[in-house]
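Architecture and fold: a report
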Amino acid sequence: MDRTITLSPARYTEVIRTLFWLTFFSIAMGYLETSVVVYLRKLYYPNGFGFPLVAITPDIAITEFWREMATIVMLLGAGIMAGRNRMQRFVYFLYCFAIWDIFYYVFLYVLLGWPDNLFTWDILFLIPVPWVGPVLCPVLVSITMIMLMCVTLYGQSKNLAATLNRVEKTILLFGCAAILASFMWDYFMYVQGHGEGRSVFTLSSEKDLFSEAKDYVPHNFNWLMYWCGQVMLWGGVVVYAMRMYRSKS
């Protein structure tokens, strides 16, 4: 069982200070992520990023995979060190991830003038298959993460049961699954129709990443699946907030 930490008035300053440093850290991480992408685009897309994707050799693909994993570990570590209980650590990690992701796009626009708008297609993750989607989609997910953190901290400040129950966890997990599937849907459909149906890249692969997608240009994002997932995320946060509110009365 997760123990509840009450945010008494005397500790508001501590919470604000924690959020300030988490924000500062995550913005810096966002710039670091952006700088790496700027270098990669100079190497692989000297005329500007666009689809189809350029094949990436296995050594670079593996390096990118572990770099992205290292980034998640650093964001997770910040949340764990900042939080005072399990739920705080979880939502602080989500907050760090959200700020990092949002400012990644902010810095891309500042440095490269990209994306042109929120509906510009981007490659969100590389392995095991490319995750692609309009920039708007991960930004909305990040905003939802921030909402969950705000609801949790507010509940703890009022000494409420600010931890997710089984139903709320299930709603959020299904929402996440639907959104992740929507990011991979268009690429899977392309590979099934144009390739050999073997698009999954593993750390032991000897083929170039994206070698089966030399002509792939995304055009059919699964908005229905995405919005189903996003509505479930919002619904999970609302159900969580309402349960806490009812427990106060």
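Residues numbered from 1 in each chain as written. Predicted model: local features only at pLDDT ≥ 70, side-chain atom pairs only at ≥ 80, totals over all residues. Heavy atoms only, no water.

Along the backbone of the protein chain there are 6 helices and 2 strands. Listed by position from the N terminus, the elements making up the protein chain come as α-α-α-β-β-α-α-α. For the protein chain, the proportion of contacts with a sequence separation of at least 24, taken over those separated by at least 6, is 77%. Accessible area of the protein chain: about 13200 Å², with a carbon and sulfur share of 69%. (Helix = DSSP H or I, 4+ residues; strand = E, 2+ residues; numbered from the N terminus. Contact = heavy atoms within 4.5 Å. Areas by Shrake-Rupley, 256 points an atom, 1.4 Å probe, with all protein chains shown as cover.)

Attention now goes to unusual backbone geometry. A cis amide bond links Phe51 with the next residue in sequence, Pro52, at an omega value of 5°. Turning to its location among the elements, Pro52 is positioned in the loop between helix 1 (12-44) and helix 2 (58-82). A cis amide bond, omega 10°, links Trp114 with the succeeding residue Pro115. Position of Pro115 relative to the elements: it lies in the loop between helix 3 (86-112) and strand 1 (121-125).

Throughout the structure, instances matching the rule amount to 23 aromatic pairs. Taking the centre distance of 6.1 Å and the plane angle of 90° together, the rings of Trp223 and Tyr226 count as edge-to-face. Of this pair, Trp223 and Tyr226 are both found in helix 6 (residues 223-248), 3 residues apart, which corresponds to roughly one turn of the helix. For Trp223, a relative accessible area of 28% corresponds to the partly exposed category. Under the relative-accessibility criterion, Tyr226 is labelled buried at 0%. Centroid distance Trp227 to Trp234: 6.0 Å. Interplanar angle 45°. Geometry classified as tilted. Relative accessible area serves as the criterion here: at 32%, Trp227 is assigned to the partly exposed category. Relative accessible area serves as the criterion here: at 29%, Trp234 is assigned to the partly exposed category. (Phe/Tyr/Trp six-rings, centres within 6.5 Å; stacked < 30°, edge-to-face > 60°. Buried < 20%, exposed > 50% of the residue type's maximum accessible area, 1.4 Å probe, protein only.)

Contact geometry for helix 2 and helix 3: axes closest at 7 Å, N-to-C directions at 135°. Comparing their axes, helix 3 and helix 2 come out oblique. Handedness of the helix 2/helix 3 crossing: right-handed. The residues of helix 3 that touch helix 2, namely those facing Thr71, Ile72, Leu75, Leu76, Ala78, Gly79, Ile80 and Ala82, are Gln88, Arg89, Tyr92, Phe93, Cys96, Phe97 and Trp100. For the contact of helix 2 with helix 3, the residue count by class is 11 nonpolar, 3 polar and 1 charged. (Axes fitted to C-alpha atoms, helices over the stretch in contact; angles between N-to-C directions. Parallel < 35°, antiparallel > 145°, perpendicular 65-115°, else oblique. Left-handed = near helix turned anticlockwise from the far one by under 90°. Nonpolar A, V, L, I, M, F, W, Y, C, P; charged D, E, K, R; others polar.)

What the rule picks out here adds up to 5 salt bridges. The salt bridge partner of Glu14 is Arg84, with a shortest N-O separation of 2.5 Å. Taken as a pair, Glu14 in helix 1 and Arg84 in the loop between helix 2 and helix 3 lie far apart in primary sequence, 70 residues in all. Relative accessible area serves as the criterion here: at 23%, Glu14 is assigned to the partly exposed category. Taking relative accessible area as the criterion, Arg84 reaches 38% and is therefore assigned partly exposed. (Salt bridge = Lys/Arg side-chain N within 4 Å of Asp/Glu carboxyl O.)

Here we come to helix 2. In this model helix 2 runs 36 Å from its N-terminal to its C-terminal C-alpha over 25 residues, within 8% of the 36 Å that 1.5 Å per residue would give. Within helix 2 the residues assigned to the buried category are Pro58, Ala61, Glu64, Phe65, Arg67, Glu68, Thr71, Leu75, Ala78 and Gly79. Of the surrounding elements, those touching the buried residues of helix 2 are helix 1, helix 3 and strand 1. (Expected span 1.5 Å × (residues − 1).)

This part takes up the nonpolar core. Ranked by size, the top nonpolar core spans 60 residues in total, and within it Tyr226 and Tyr240 carry the most contacts. Contributing elements (two or more residues each) for this core: helix 1, helix 2, helix 3, strand 1, strand 2 (131-134), helix 4 (136-157), helix 5 (166-194) and helix 6. Looking at this core element by element, the count peaks at 13 residues for helix 3. Aside from chain neighbours lying at most four places away, what touches Tyr226 is Leu136, Cys137, Leu140, Val141, Ile179, Ser182, Phe183 and Phe221. (Core = buried A, V, L, I, M, F, W, Y, C linked by side-chain atoms within 4.5 Å.)

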